[in-house]
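# Structural description and commentary
Here are the chains, one letter per residue:
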Amino acid sequence: MRVPLSWLREYVDLPAEVTGREVATRLIAAGLEVETVERLGADITGPLVVGKVLAIEELTGFKKPIRYCQVDVGAANGTGEPQNVICGATNFRVGDKVVVVLPGGVLPGGFAISARPTYGKVSEGMICSARELGIGDDHGGIIVLPPEHEAGTDAIELLELVDEVLDIAVNPDRGYCLSLRGVARETATAFGLPLRDPALLDVPAATADGFPVEVADPAACDRFVARTVTGLRPEAHSPIWLQRRLQKAGMRPISLAVDITNYVMLEIGQPLHAYDRSRLTGPLGVRRAEPGEKLTTLDGVQRALDPEDLLITDSGGPVGLAGVMGGADTEIADAAEEPGAGVTGGTTEIVVEAAHFDPVTVARAARRHKLHSEAARRFERGVDPEAAAAAAQRAVDLLVLLGGGTADPGVTEVTAPVAPRVIVIPADHPDRVAGVVYGRETVVRRLQEIGCAVTGTDELTVTPPSWRPDLAEPNDLAEEVIRLEGYEALPSTLPRPPAGRGLTGRQRLHRRVGRALAGAGYVEAPTYPFVGRAALDGLGLPADDDRRRTVRLVNPLSDEEPSLRTTLLPGLLEALRRNHGRGAGDIALFETGLVFRPTGEEEAPVRLPVTGRPTDEEIARLNASLPRQPRRVAVALAGNREQAGWWGPGRPADWADAVEAARTVASAAGVELTIENDRHAPWHPGRCAALYAVVDDVKTLVGHAGELHPRVVKALGLPARTCAMEADLDLLERAGAGPVSAPRISSFPVATQDVALVVDASVPAAEVEAALRSGAGELLESLRLFDVFTGEQLGAGRKSLAYALRFRAPDRTLTAEEASAAREAAVAAAVAHTGATLRGA
């Protein structure tokens, strides 16, 4: 909403020294969003005057029409002699009044004017177009003024070129501010000044002889006012002041009748429509569209109507899309000027419509037909139904005053009974919401300033004004009190959380895992939780894989990814592919997030109402329809895991790094993983590790890690030998022993013992490690596999696993005998459980 400050001053007596920026500051403090304050005419310098064209000499021999004009500018040039001006426009003639800038003047953009030779003549100034003055985009011809203005009159004041315009972004719940009336009310309240309400007019009562109106759908149109004006002068044009106000507000002047309806809409906020009475047949009606009906709107487009569309009709059919745009068949006709015949044609009788339509009906129609008109913009945000009669009266008054018409005594007003809105609110409710003591008097005063009727003492009965449909409950009223008292006056206080609360175990684990992976050199890459069939096909998932059972979105952002993800890998691998394609050679990414795993046993979702809070039963049914949403962690690696340098060659990432990432995650959860061979898409069957942990005393699969299958790498466009890991964080949380305890630090030295065991190639290293741990006892501090060997010396189907065992006591230095005994006990347990033999024995 563009609000000229000069227009705003008509309704609020602002002090002369108050600038547009000061008004904007007050309005922003009151909760309005003033985007800019535009200073019009600040770069214009006179003399800029009205001139009368005395003579025109057509210059020939040039590529375009050139005219040498004599213009009377009165005493503005200091001599009273006519000015000689070169002009290329042809839309004026001798006797017309034009706008002339004389030498010494400066036009917008720093365009200085001086007397200069051109086209073989000396031009002593310039005759101006709307664009040259910065008041419009029309550059096809110069401005021709009404004949009543005297030559030499200051055109800067006449055209109101100097002004300030506030550009306000009106929120959907502040529809009343899409008018000068609404902004003036906020301004008056902000400055503590009285308001001259433009809607406070003497309006005649409805009569039986008004223009006939029939409303078939009172729920969609609860008020319809019709007024008639006859005897309009077809040649009447909008005066300059009206045109300039429309231009400053961002609208283009069209004709007197249309300009007046737009002016009243901007002034009061009530959209109006003017019909050529001679083109109407029968009474006006309001009804829904019938199947197959069509309407040609004012923009010249024929539109197929929907049965939900609300129409304005006469006996011949639709004449307008209610609240959105009128029809072309009843458009106000422009007068034509013919040589020797004077002004002919044009509308002389007008029916003015001022109605109140249902906001939802208008909003849906505007979106359905993609007609986002100024009228629809106001109706869908809420228009004051009580202002319809005043707006119609204001339009009639202006048509009589400016168009020479006569107001028909007949007044039509069709209304449907509407129950008043009443809100009961404790007087201290705003105090409790804001945490500030305002007091009853302040609350009542602020509510009355916005137009509410307030009664009561400790409990207030508040009737919101008709122009505030957004006020529906006590918190809405509390917000009004708080914003008018000033958000800046609210104290800054930190909430006091109750003792014993903080992050949940799930949240703490999530953070620990993120920190651990970041410390290991991985970069977090959150991705969208959407997946398509192509991504699942690229992973090579079998047809019966549970990960192919997805939840499909009703309104997906992309048809290519219409479902919620069942695994983190598609998004993470796509991020890796994109980074590799942009030149990143060595990549290590991780992501933690939810996946959505339906079981097929979920209930059908319930559609919740939007008119109120859902019941506990409805919320429970909705929760029952949701799929399982476990939290998972995944990593993806490609390129070198260790960089090459002067210290030696680098090391490419391989399946072992993915397994190590799983161990890093498990360590953050306080869990010991068991690693076993597995075959599981999308991993390479010979380089895939299954990750197991003990969950609720049961050995449970918690994830997989390894190198991706070459076919998957090719299908997804990934770098060669890409590796990945994915694990279930919720299962790891259950497997953990609660909060991770800090390690004990002993000041006594460590005793290191190495052992190499030969086992069958089918025996997992994890099984051997578990046996060693069980036999070593409490003195074992750590155990690490540092070598795997196969060869002819060992025999076919055999392998050697070499482990480094570290022993330490917390209270003493271990003797060699104690360390050796612990080692032998560990070896004995491994021999007993896995059939291992000590290498070299």
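Notes on the structure in this doc start here. (Residues numbered from 1 in each chain as written. Predicted model: local features only at pLDDT ≥ 70, side-chain atom pairs only at ≥ 80, totals over all residues. Heavy atoms only, no water.)

## Here's the deal with the overall build of the chain
Looking only at helices and strands, the chain has 22 helices and 44 strands in total. Its C-alpha atoms give the chain a radius of gyration of 41 Å, more than 25% over the compact-globule value 28 Å for 841 residues. Dimensions of the chain, computed from the C-alpha atoms along their principal axes, are close to 130 × 75 × 60 Å. Among the 841 residues that make up the chain, the fraction classed as buried is 46%. Within the chain, counting contacts between residues at least 6 apart in sequence, those at least 24 apart form 70% of the total. Accessible area of the chain: about 41900 Å², with a carbon and sulfur share of 51%. Where the 89 positive side-chain charges of the chain centre and where its 115 negative ones centre are 7 Å apart. (Helix = DSSP H or I, 4+ residues; strand = E, 2+ residues; numbered from the N terminus. Rg over C-alpha atoms; globule rule 2.2 N^0.38 Å. Buried < 20%, exposed > 50% of the residue type's maximum accessible area, 1.4 Å probe, protein only. Contact = heavy atoms within 4.5 Å. Areas by Shrake-Rupley, 256 points an atom, 1.4 Å probe, with all protein chains shown as cover. Lys, Arg positive; Asp, Glu negative; His and termini not counted. Charge placed at Lys NZ, Arg CZ, Asp CG, Glu CD.)

## Some words on the nonpolar core
In terms of nonpolar packing, the biggest core is built from 61 residues, with Val-23, Leu-166, Ile-168 and Ile-260 touching the most fellow members. Residue contributions to this core peak at 10 residues, all from helix 10 (residues 388–403). Ignoring anything within four residues of it in the chain, the contact list for Ile-168 reads Met-1, Val-3, Leu-27, Leu-32, Glu-33, Val-34 and Val-183. Within the second largest apolar cluster, 34 residues are counted, among which are Phe-590, Val-659, Ala-689 and Ala-693. (Core = buried A, V, L, I, M, F, W, Y, C linked by side-chain atoms within 4.5 Å.)

## A closer look at the sheet that holds strand 41 (residues 751–760)
Strand pairing in a sheet takes place through backbone hydrogen bonds and is either antiparallel or parallel in direction. One open sheet holds the 4 strands; their spatial order is 42-43-41-44, and the pairing between them is antiparallel. Two strands close off the open sheet at either side, each with one partner strand: strand 42 (780–789) and strand 44 (837–838). Sheet analysis places strand 41 next to strand 44, joined by 2 bridges and oriented antiparallel. Across the sheet, residue Val-758 finds its bridge partner in strand 44, namely Thr-837. (Pairing = 2+ DSSP bridges.)

## Let's talk about empty space enclosed by the protein
The final tally for this structure, using the stated rule, is 3 cavities of 30 Å³ or more. Around the largest cavity, the lining comprises 14 residues; the ones closest to its centre are Tyr-176, Ser-179, Ile-268, Gly-269 and Trp-467. Of all the elements, helix 5 (residues 180–191) adds the most residues to the lining of the largest cavity, at 3 residues. Per-class residue counts for the lining of the largest cavity are 5 nonpolar, 5 polar and 4 charged. (1 Å grid on protein atoms, 1.4 Å probe; cavity = no way out; pocket = protein on both sides within 12 Å on 5 of 7 lines; lining within 4 Å. Points joined across faces, edges and corners; volume = space filled by probe spheres on them. Nonpolar A, V, L, I, M, F, W, Y, C, P; charged D, E, K, R; others polar.)

## So, the packing of helix 14 (residues 505–519) against helix 18 (residues 655–669)
At a minimum axis separation of 9 Å, helix 14 and helix 18 run at an interaxial angle of 140°. The orientation of helix 14 relative to helix 18 falls into the category oblique. Relative to helix 18, helix 14 is oriented so that their crossing is right-handed. On the side of helix 14, the interface is formed by Leu-509, Arg-512, Val-513, Ala-516 and Leu-517, while helix 18 contributes Ala-661, Thr-664, Val-665, Ala-668 and Ala-669. (Axes fitted to C-alpha atoms, helices over the stretch in contact; angles between N-to-C directions. Parallel < 35°, antiparallel > 145°, perpendicular 65-115°, else oblique. Left-handed = near helix turned anticlockwise from the far one by under 90°.)

## Observations concerning the packing of helix 6 (residues 240–248) against helix 7 (residues 256–268)
Where helix 6 meets helix 7, the closest approach of the two axes is 10 Å, and the angle between their N-to-C directions is 55°. In terms of orientation, helix 6 and helix 7 fall into the oblique class. For the pair helix 6 and helix 7, the sense of crossing is left-handed. When helix 6 is examined against helix 7, the residues Trp-241, Leu-242, Arg-245 and Leu-246 are found in contact with a partner set consisting of Asp-259, Ile-260, Asn-262, Tyr-263 and Leu-266. Residues belonging to the contact of helix 6 with helix 7 are distributed by class as follows: 6 nonpolar, 1 polar and 2 charged.

## Looking at the side chain of His-429
Structurally, the position occupied by His-429 is in helix 11 (residues 429–434). At a separation of 2.8 Å, a polar atom in the side chain of His-429 contacts the side chain of Asn-475. Once residues lying within four places of it in the same chain are set aside, the contact partners of His-429 are Pro-474, Asn-475 and Ala-478. (Polar contact = N/O pair within 3.5 Å; in protein donor to acceptor, adjacent residues only side chain to side chain.)

## Notes on the state of the cysteines
Applying the stated criterion across every chain, the model contains 0 disulfides. Cysteine Cys-69 shares no disulfide, and the gap to the nearest cysteine sulfur, in Cys-87, comes to 5.6 Å. Cys-177 forms no disulfide, and the closest cysteine sulfur to it belongs to Cys-452, at a distance of 14 Å. (Disulfide = S-S within 2.5 Å.)

## Concerning the packing of aromatic side chains
Enumeration according to the criterion identifies 6 aromatic pairs in this entry. Ring geometry for Phe-62 and Tyr-119: centres 4.8 Å apart, planes at 90°, overall edge-to-face. Of the two residues, Phe-62 is situated in the loop between strand 3 (48–59) and strand 4 (66–72) and Tyr-119 in the loop between strand 9 (116–118) and strand 10 (121–123); the sequence distance between them amounts to 57 residues. When the ring of Trp-241 is compared with that of Tyr-263, the centres are 5.7 Å apart and the planes differ by 85°; the resulting orientation is edge-to-face. In this pair, Trp-241 sits in helix 6 while Tyr-263 sits in helix 7, placing the two residues 22 residues apart along the sequence. Using a relative accessible area of 1% as the deciding quantity, one classes Tyr-263 as buried. Here the aromatic residues Trp-7, Trp-241 and Tyr-263 are joined through ring pairs into a cluster of three or more. (Phe/Tyr/Trp six-rings, centres within 6.5 Å; stacked < 30°, edge-to-face > 60°.)

## Some remarks on the environment of Gly-327
Counting through the fold element by element, Gly-327 comes out in the loop between strand 22 (325–326) and strand 23 (336–338). Under the relative-accessibility criterion, Gly-327 is labelled buried at 3%. Along the chain, Gly-327 and Gln-302 lie 25 residues apart, while their C-alpha atoms are 9.5 Å from each other. Discounting residues that sit within four places of it in the chain, Gly-327 has contacts with Leu-295, Thr-296, Thr-297, Leu-298, Val-319 and Gly-320.

## Topic: the sheet that holds strand 28 (residues 453–455)
With antiparallel pairing, 3 strands are arranged side by side in an open sheet as 27-29-28. Looking at strand neighbours, the two that pair on one side only are strand 27 (423–426) and strand 28, the edges of this open sheet. For this sheet, the mean inter-axis angle between neighbouring strands, taken without regard to orientation, is 25°. Direction of pairing for strand 27 relative to strand 29 (residues 459–463): antiparallel, over a ladder of 4 bridges. When the sheet's bridge partners are listed, Val-424 is paired in strand 29 with Thr-461. In the packing of helix 12 (residues 440–449) onto the sheet, the strands contacted are strand 28 and strand 29, and the crossing angle to strand 29 comes to about 5°.

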